[in-house]
Amino acid sequence: MRVGRPATLPRVLAWTVGLAAVLAACMLVAASVGAGRVSVLDGLWGGGGLAEADRRILLDLRVPRVLMAALLGGALAVAGVAFQALLRNPLADPYVLGVSGGASIGGMLALLLGFGAGQGALGRLGLPALAFAGALGALVLIEWVATVDGKLTVYTVLLTGAIFNAFSAALIYFIQSLASLEELHAIVFYLMGQIPAPAPTDLVVLTGAVVLVVVALAAMARDFNALSLGEEGAMQIGVDVDRTRRRTFWLGSLLTGLAVSVAGLIGFVGLVVPHILRILLGPDHRLLLPSSFFAGATFLVLADLVARIAAAPAELPVGVVTAMIGGPFFLFLLRRGRGRYGFS
Amino acid sequence: MASPDSGVTVEARSLDFRFADRTVLRGVELRADPGEVVGLVGPNGSGKSTLIRILSGVLGGYAGTARVDGREVRELPRRELARLVAVVPQEPTFSFPFTALEVVLMGRHPHLAGLAFESERDLGLAHAALERCGAARLAGRAIHELSSGERQRVVFAKALAQQPRALLLDEPASFLDIRHQVELYDAVRERAREQGGTVLTVLHDLNLAAEYCDRIYLLSDGRIEAEGRTADVLDAATLTRVFETEVYVDTNSVTGNLIIVPLPSRSPGRVR
């Protein structure tokens, strides 16, 4: 299935542009489907002739939400690739190192403090800001705990992340047990993942941040390849392993923290997308990382479309949709490719 | 500074290394110069791999001096060190299914700028290295589908593609059949003789050591027990003492080098 020649710049560009085109097509479809029969094409063709209500649906709700889904899907898939390279394990996902736990706790506290329903800047940004603060707190704490003798090792960072996740889960149950029924509902929906339709300025800021981090990670693609030779193997071909690990931990955690802060826990994007692409394209991160961004974006755009229309007029949490599609599909892949990736 | 293609001196002076409360190396003095193949032999756990790892810059925390091209390895930036020294580790690991060619191309890493892709020249070097190791037909195979011996040859090809000035080999032929052992050590000798490279290699096979090494260091319990010309070090009494095993040493009538055969514990002619 896989082509046996190494990654070249033309090959990377071809895949990137191709997957970007697929993403664009899916975004167009997603923005055109939903309650209220108005499509993006109507908007493009007869911009002036659109009813005010339709225009609001399109420009204030659907388009920002589709853009947001694309951005977060890409971010999660790239975070998955980065952590898989860091931990040298194809089964790692963006949440494995514990930052998501910190973000969830921050987000829940924001809900309890009433930020979620508030008006103005606090209502809009209070929750993501507090969640992101939680993610940063977790990041700093985990890095500090996981550094032994000045080095960040795979074992310590994985163990620390797992334990921090378990601790956050307990804390989340504790907070839930104190919450009112109404708050509980909001908390559950937040934790299951839901993609908001952000204001244009927020979207621009978020896009800038995600693009910067993704580019910084893509610049380390050859170092990620080298990490597959193990710590000493990578050092012996000239990689500063500790610096690479720290940067990867930080950048991947920032992407994860951003995603969880604005949309809760959306699972499986960071696991399934890199896995499929690794089967198709091979493990070279110069090809895998940019491709994962666009494929992850496409996956989440489509999953969010399903979340919007499957049970309309009600909405499903998108995290439920990604898990319901991604889970069985992933098991199917594992079953088929048994033995091919089961080594480390 | 040596010229671009020739070797660099690799040396250890009063090198001590402790791991937890165990002393692994004590006062090791060793030197490998351009153009020579230097062997490192000794019993299991005598510190051979530790010495290779220190000299390749992956183990810090030693006392004394470990130098490549006259510069302390722990002070050399990794990229620079990787352009001077390539290592074939005892147990290479791989976590993703890269092809053999992709693994060999990783040897070009220290020569490539941050975002660069391998050039035609890099690709040529990688193919030539695979060819040199008799592994050309493995190029497109996934590394984890290869046998241990095939994998070992690919890792050696990676080290050649790295175009180092010194090669540090830790049992590079442990999984190879006799044909590939000879091919690998022929390539090693060629690097030293014809390209003036420096080679320091750990080996357990004393007959390969006898054929290919110019000089030998015999390591025992972290100390250099004997050193010198191969024929002088591989002497029956010394080997018997260090390995605590009787050996029979004779001259190979074809090559004129030594033949070393360990004797089973209940051989009739044993001394003890």
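See above for the structure.
Here is a short report on the structure shown in this document. Here the structure is a predicted model, which means the values were calculated and not measured.

Calculation notes
Residues numbered from 1 in each chain as written. Chains lettered and ligands numbered in written order. Predicted model: local features only at pLDDT ≥ 70, side-chain atom pairs only at ≥ 80, totals over all residues. Helix = DSSP H or I, 4+ residues; strand = E, 2+ residues; numbered from the N terminus. Contact = placed C-beta atoms within 7 Å. Rg over C-alpha atoms; globule rule 2.2 N^0.38 Å. Core = buried A, V, L, I, M, F, W, Y, C linked by C-beta atoms within 7 Å. Buried ≥ 20, exposed ≤ 12 C-beta atoms within 10 Å, placed from the backbone. Pairing = 2+ DSSP bridges. Axes fitted to C-alpha atoms, helices over the stretch in contact; angles between N-to-C directions.

A few points about the overall build of chain A
1) Next: For chain A, the helix and strand inventory stands at 14 helices and two strands.
2) Next: Partitioning the intrachain contacts of chain A with sequence separation of at least 6 by distance along the chain shows that 78% fall at a separation of at least 24.

A word on the overall build of chain B
1) Next: From N to C terminus, chain B includes nine helices and twelve strands.
2) Next: For 272 residues, the compact-globule estimate of 2.2 N^0.38 gives 19 Å, and the C-alpha radius of gyration of chain B, at 19 Å, lies within 12% of that figure.
3) Next: C-alpha extents for chain B along the principal axes are approximately 65 × 40 × 35 Å.
4) Next: Summarising the internal contacts of chain B: among those between residues at least 6 apart in sequence, 65% fall at separations of at least 24.

A look at the nonpolar core
In globular proteins that are soluble, nonpolar side chains generally tend to be buried together.
1) Next: Grouped together as the largest cluster of nonpolar side chains are 192 residues, with contacts concentrated most on Leu72, Val78 and Val301 of chain A together with Val104 of chain B.
2) Next: Per-element tally for this core: the top contributor is helix α3 (residues 52-87) of chain A, with 18 residues.
3) Next: When sequence neighbours within four positions are dropped, the list of residues in contact with Val78 of chain A reads Val214, Leu217, Leu255, Leu289, Ser292, Phe293 and Gly296 of chain A.

Side note on the sheet that holds strand β7 (residues 166-170) of chain B
Picture the strands of a sheet paired through backbone hydrogen bonds; they go either parallel or antiparallel.
Residue and element names in this part refer to chain B.
1) Next: Read across the sheet, six strands follow the order β6-β7-β8-β3-β9-β10 without closing on themselves; strand pairing throughout is mixed. Because the sheet does not close on itself, it has two edges, and the strands there are β6 (85-88) and β10 (223-229). In this sheet, adjacent strand axes meet at a mean angle of 15° when their direction is disregarded.
2) Next: For strand β9 (residues 215-220) and β10, the ladder comprises six bridges, and the chain directions are antiparallel. Each residue of the ladder has a partner; that of Arg215, found in β10, is Arg229.
3) Next: Where helix α1 (residues 48-55) meets the sheet, its contacts fall on β3 (37-41), β6, β7, β8 (198-202) and β9, and the angle it forms with β7 comes to roughly 150°.

What about unusual backbone geometry?
All names here are of chain B.
1) Next: Positive phi is not limited to glycine here, since Asp69 has a value of about 55°.
2) Next: Relative to the helices and strands, Asp69 resides in the loop between β4 (63-68) and β5 (71-72).
3) Next: For Asp69, a count of 21 C-beta atoms within 10 Å puts it in the buried group.
4) Next: One non-glycine residue, Gln163, lies in the positive phi region at around 45°.
5) Next: Residue classification places Gln163 among the partly exposed residues on the basis of 18 C-beta atoms within 10 Å.

Note that every value here comes from positions in space, so none of it alone points to a role or purpose.
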